[in-house]
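Close look at the chain arrangement
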Amino acid sequence: MKVENANIEDIAMLTELRLAYLKEDLGNLSETDMEKISQDLPGYFQKNLNQNIFCYLIRAQEEIAACAFLLVVEKPMSPAFITGRTGTVLNVYTKPEYRHKGYAKAIMNKLLSDAVEKDLSVVELKSTEDGYHLYQSVGFTEEVSKYHSMKWYRQ
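Given the structure is predicted, the values throughout are model-derived calculations rather than measurements.

Focus on the confidence of the model for the chain
Residues at a pLDDT of 70 or more form 100% of the chain, whose mean pLDDT is 95. The secondary structure element of the chain with the lowest average pLDDT is helix α1 (residues 11-26), at 94, and the one with the highest is helix α3 (residues 103-117), at 98.

Observations concerning helix α2 (residues 31-48)
Note that an α-helix has 3.6 residues per turn; residues three or four places apart therefore point the same way. The end-to-end C-alpha separation of α2 is 25 Å, in line with the 26 Å expected for 18 residues at 1.5 Å each. The largest bend along α2 reaches roughly 30° and is located at D40, with the proline P42 sitting one to four residues downstream. Of the residues making up α2, those classed as buried are M34, L41, F45 and N48. Buried residues along α2 sit in contact with α1, β2 (53-60) and β3 (63-74).

A short note on the pattern of salt bridges
All told, the structure shown has seven salt bridges when counted by the stated rule. Note that R59 is salt-bridged to E4, the shortest N-O span being 3.0 Å. Residue R59 is located in strand β2, and its partner E4 is located in strand β1 (residues 3-5); the two are separated by 55 residues in the primary sequence. Residue class for R59 comes out partly exposed when judged on its relative accessible area of 26%. On the basis of relative accessibility, which here comes to 22%, the residue E4 falls in the partly exposed class. E63 is paired through a salt bridge with K95; the nearest N and O atoms lie 2.7 Å apart. Of the two residues, E63 is situated in strand β3 and K95 in the loop between β4 (85-94) and α3; the sequence distance between them amounts to 32 residues.

Rules of the game
- Per chain, residues are indexed from 1 in the order of the written sequence.
- Local features in this predicted model are restricted to residues whose pLDDT is 70 or higher, and side-chain atom pairs enter the listing and the counts only when it is 80 or higher, whereas totals over whole chains, interfaces and linings include all residues.
- Side-chain calculation: all heavy atoms of the structure are included, whereas hydrogens and water are not.
- A residue's pLDDT is simply how confident the predictor is in it, with values from 0 to 100.
- The helix and strand labels rest on DSSP assignments: H or I over at least four residues marks a helix, E over at least two residues marks a strand, and numbering proceeds from the N terminus.
- Helix span, expected: 1.5 Å multiplied by one less than the number of residues in the helix.
- To get the bend at a residue, fit one axis to the 7 residues ending there and another to the 7 starting there, then take the angle between the axes.
- Exposure classes here rest on a 1.4 Å probe applied to the protein chains alone. A residue is buried below 20% of its type maximum, exposed above 50%, and partly exposed in between.
- Contacts between residues were defined by any pair of non-hydrogen atoms, one from each residue, lying within 4.5 Å.
- A pair is scored as a salt bridge if a Lys or Arg side-chain nitrogen falls within 4 Å of a carboxyl oxygen belonging to Asp or Glu.

Structure (structure tokens):
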């Protein structure tokens with residue numbers, strides 16, 4: 001099983017896989033959201049792919065069977081991220097017909113190996129119950145913090 005990095009030719013399929021992931025994770029998306037994401041995501045990938053978003057994938061024949069995204073951000077350094085470079089894992093997704101074959105684990109191992117090469121101090125993710133044991137098996141641990149996780153949403 002070969003883990004590859006996505007390239008510009010994969011953008012249409014990456015967009016489809018992102019939408020499939022969002023539908024499965026969030027349930028039905030509104031027509032407005034679907035339209036906006038479908039329209040804008042290819043441009044995002046065109047601009048950022050292999051710059052600050054790295055997409056790992058496994059192909060089955062010509063189609064992408066599984067993927068994961070690594071978003072790399074450089075921040076002002078601190079003891080929590082001494083290099084200033086951090087990663088966030090997004091969109092770990094395997095098409096239903098390819099699940100339980102070890103694809104996600106192979107992708108995560110390659111992604112974390114690349115995180116070392118990219119000099120990332122930390123890689124974080126949010127896990128569903130379904131993915132929890134996978135992420136533990138590749139070295140992720142739960143974070144306990146004195147900080148509260150908060151968000152601001154544009155109205």
